[in-house]
Amino acid sequence: MNVLRRRGARIGVGVMAIGLMGVAGPNRLAPPGQMPPNTVALSEMMRELSARPGFTEAMLAELDKGGKKGPALLTPKLIDELRKRILGKDWESLDHFPGWTMQAINPTVRVIGHVAGKSETAEDMSAVHPGASPSAAQTSEHLDLGPYALDKPDTISLEKPSDLPGFTTDGLVSSLGAGVVRGDGPNDLAPEHAQSQRLAYVLNRLAANKLEGAELFTVSKSTTPDDVIRDLQSTGHEVTVTDSRYFANFGHLHYNGKDVMMPFYVNSQIMVPGTKRPLLVPVSHAEYEWHIRGPHVNADVSYYFGVDGKSEWRTMDTLDQPWVMKRDAHTYRGADAVEVTRLASALTVAYMHLHASHAALPFGGYYALGVCQDGVSAIEKKMTGKVTLFPNTADASFFTDARDAEINALMLAIPKDRDGKAPEPERIFGSLPTEDLEGISIPGLGADLVAVHTAWMDGSLKRTRTWKSTAAEVLLFSMGALLLVGAVRRARRMTR
């Protein structure tokens, strides 16, 4: 009898332990390491300022605005989670925010999208207007054209100096008080801002030539962005296009003159060897960058689909904080540079069609139509046959417009991270802005990455339990509990 009881209890407790380990556990990075010079953690700033009346809410409101943040979309639920961690003085967790899997993050976007996506003209997120053309208002909202209006024909020459204004921090940098500033000053590309801004407007406007109702815009005799790049190459300009990756900085905050480290962490569903912790990785920002040097044009511009809902060329002359680092995963010149330009142009047009067909999507379609990685992944797939970026969030069901068949096919072909499936290690490491894992200055991250990479290479890599495995463990626990109850009942009958 006693033996039966102990065996039954052991089975039940063992199953319970397995189930609880699958459901919960430490969600922390390794011990702190060396911070970059002149940098403080978000927790250090908030320790000092969270008690200041009104500061936390003012900061959260500022973070909720758009900008170059990569995939760090702060939905209402995430904002509330950030608030809870600050008010609860959960400093360690704050520095690893949010640390959720994509499966946990996805519903926070999906729910707000379902509510905000409703309108008088669209009953729900699936309502579409096939073949719709972007209105003037939509074009103005989702594509920066500068002085080159969509409804006016024009011809310009890039050989003439740009008459646009130079770099300014107006509208880019704001003070939150208490020594906190949001936004970044100029980098070493800022002196050429006038040329870069003109080129960004020109490439956007040339792409827009393919929108229905657009008047013809030309640069000399070029009518497409790829024609311009080909023409620049033929006139003595060196054109280099890079596929560039950074750690996404969702804060862009500075405190008393120091940078505030604010990564946006995602649970990779990979175990850090020798621990019971999942590998938390800062999400990356990815973009294509055009670097042009020559007799008439010296400019640097980038392309990506951003939090602002714009799939377009932009200037890239604000200063990045050192901890975000940078790696050029691929470099293209010659005909390949022309082809990347053509694909970026096709993406720009496809996204304008998507805005017209799905005007009710919240956040300008950001997340539902992808994040910065999706477009870069699509081009990488076409150029190299592989995808090395994580996460990709685009819902392929939106990409059905027959006018954009090439882009639809590419978006369908890239890996998706909407269903909670664990990402491939190749994409985790491919997204990083450096190959020098030990040189990463985010505390604890380098050591974790080295350990995981070693396990990946020697075949000992282990995954954390997914929802499906956890559900199976709950079932196993229930079966164990039933066995225990049955054993107890049998034992009681035997003693009667």
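As the structure is a computational prediction, the values presented were derived from the model and not from experiment.

## Let's talk about the nonpolar core
Point 1. Among the nonpolar cores identified, the biggest contains 109 residues, and Met45, Met46, Met59, Phe264, Trp290, Trp313 and Leu449 are the most heavily contacted of them.
Point 2. Residues Leu145, Leu211, Val349 and Met352 belong to the second largest nonpolar core, which totals eight residues.

## Observations concerning the pattern of salt bridges
Point 1. Following the criterion strictly, the structure yields 24 salt bridges and no others.
Point 2. One salt bridge connects Arg277 with Asp448, and the closest N-O pair in it is separated by 2.9 Å. Taken together, the positions of Arg277 in the loop between strand E10 (265–271) and strand E11 (278–282) and Asp448 in helix H14 (residues 445–458) put the pair 171 residues apart, joining distant regions of the chain. In terms of burial, Arg277 and Asp448 fall into one category: buried.

## Quick word on the side chain of Asn408
Point 1. Following the sequence through the fold, Asn408 ends up in helix H12 (residues 405–413).
Point 2. Ignoring any residue separated from it by four or fewer positions in sequence, one finds Asn408 in contact with Phe399, Thr400 and Asp401.

## Here's the deal with the side chain of Ser377
Point 1. The topology assignment puts Ser377 in helix H11 (residues 372–384).
Point 2. On the basis of relative accessible area, Ser377 is assigned to the buried category, the value being 0%.
Point 3. Here Ser377 is in contact with Val387, Leu389, Asn392 and Ile414, once residues within four sequence places are set aside.

## Considerations on the sheet that holds strand E9 (residues 258–261)
Point 1. Across the sheet, five strands lie side by side as E1-E9-E8-E5-E4; this open sheet has mixed pairing. Unpaired on one side and paired on the other, strand E1 (39–41) and strand E4 (174–177) mark the two borders of the sheet. Neighbour to neighbour, the strand axes of the sheet diverge by 35 degrees on average, direction disregarded.
Point 2. One ladder, built from three bridges, connects E1 with E9; its direction is parallel. Opposite Val40, over in E9, you have Val260 as the bridge partner.
Point 3. Of the strands in this sheet, E4, strand E5 (180–182) and strand E8 (253–255) are in contact with helix H3 (residues 55–63), which crosses E4 at around 155 degrees.

## Looking at H11
Point 1. Between its first and last C-alpha, H11 extends 18 Å over 13 residues, near the 18 Å set by a 1.5 Å rise per residue.
Point 2. Every buried residue of H11 is listed here: Cys372, Gln373, Asp374, Gly375, Val376, Ser377, Ala378, Ile379 and Glu380.
Point 3. Packing partners of the buried residues in H11 comprise strand E7 (238–247), strand E12 (284–293), strand E13 (299–305), strand E15 (327–332), helix H10 (334–357) and H12.

## What about the sheet that holds E13?
Point 1. Taken together, the five strands give an open sheet; going across it, the order is E14-E13-E12-E7-E15, and neighbouring strands pair in antiparallel fashion. The sheet is open, and its two edges are formed by strand E14 (311–315) and E15, each paired on a single side. Going across the sheet, the axis of each strand differs from the next one's by a mean of 25 degrees, ignoring polarity.
Point 2. Its contacts with the sheet place H10 against E7, E12, E13, E14 and E15, and it is angled at close to 120 degrees to E14.

## Focus: the packing of H10 against H12
Point 1. Running from amino to carboxyl end, H10 crosses H12 at an angle of 95 degrees, the nearest separation of the two axes being 9 Å. With respect to their mutual orientation, H10 and H12 come out roughly perpendicular. Residue-level contacts link Arg342, Leu343, Ala346, Leu347, Ala350 and Tyr351 of H10 to Glu406, Ile407, Leu410 and Met411 of H12.

## Examining the environment of Asp64
Point 1. Relative to the helices and strands, Asp64 resides in the loop between H3 and helix H4 (76–87).
Point 2. In this structure the C-alpha to C-alpha distance between Asp64 and Leu74, which are ten residues apart in sequence, comes to 6.1 Å.

## Quick word on the packing of aromatic side chains
Point 1. Under the definition given, this model contains ten aromatic pairs.
Point 2. An aromatic cluster is built from Phe305, Tyr351, Tyr366 and Phe399, whose rings are joined through pairwise contacts.
Point 3. Across the ring face of Tyr304, the terminal group of Arg314 is positioned such that the distance to the ring centre comes to 4.2 Å.

## Focus on the pairing of E13
Point 1. In terms of residue burial, E13 counts as a mostly covered element, since seven of its seven residues are buried.
Point 2. Side chains Ala299, Val301, Tyr303 and Phe305 project from E13 onto one buried face, and the interleaved Asp300, Ser302 and Tyr304 project onto a second face that is buried too.
Point 3. Here E12 pairs with E13 via five bridges, running antiparallel. Considered in E13, the bridge of Ile292 is made with Ala299.
Point 4. Following E12, the chain reverses through five residues before pairing antiparallel with E13.
Point 5. With five bridges connecting them, E13 and E14 associate as antiparallel partners. Bridging from a neighbouring strand, Phe305 pairs with Ser311 of E14.
Point 6. Taking the residues between adjacent antiparallel strands as the criterion, E13 and E14 are bridged by five residues, where Gly309 takes a positive phi near 80 degrees.

Analysis parameters
Starting afresh in each chain, residues are numbered from 1 along the sequence in its written order. Given that the model is predicted, a residue must reach a pLDDT of at least 70 before its local features are reported, and side-chain atom pairs must reach 80 or more before they are shown or counted; all residues, however, enter totals for whole chains, interfaces and linings. Computation of side-chain values: all heavy atoms of the structure, hydrogens and water removed. Residues belong to a common nonpolar core when they are buried Ala, Val, Leu, Ile, Met, Phe, Trp, Tyr or Cys residues joined through side-chain atoms within 4.5 Å. Relative accessible area decides the class of each residue, using a 1.4 Å probe on protein chains only: under 20% of the type maximum gives buried, over 50% gives exposed, and in between gives partly exposed. The rule for a salt bridge is simple: a side-chain nitrogen of Lys or Arg has to be within 4 Å of a carboxyl oxygen of Asp or Glu. To qualify as a helix, a DSSP run of H or I must reach at least 4 residues; to qualify as a strand, a run of E must reach at least 2; elements of each kind are numbered from the N terminus. Contacts between residues were defined by any pair of non-hydrogen atoms, one from each residue, lying within 4.5 Å. By this definition, two strands are paired if DSSP reports at least two bridges between them. Note on geometry: axes are C-alpha line fits, over the in-contact stretch for helices, and angles between N-to-C directions span 0 to 180 degrees. For a helix, the expected span equals 1.5 Å multiplied by the residue count minus one. Should an angle fall under 35 degrees it is taken as roughly parallel, and over 145 as roughly antiparallel, whereas 65 to 115 is taken as roughly perpendicular and any remaining angle as oblique. Centres within 6.5 Å make a pair out of two Phe, Tyr or Trp rings, where for Trp the six-membered ring is used; the pair is then stacked when the planes are under 30 degrees apart, edge-to-face when over 60, and tilted otherwise. For a ring to carry a charge above it, either NZ of a lysine or CZ of an arginine must fall within 6 Å of the ring centroid while also lying within 35 degrees of the normal to the ring plane.

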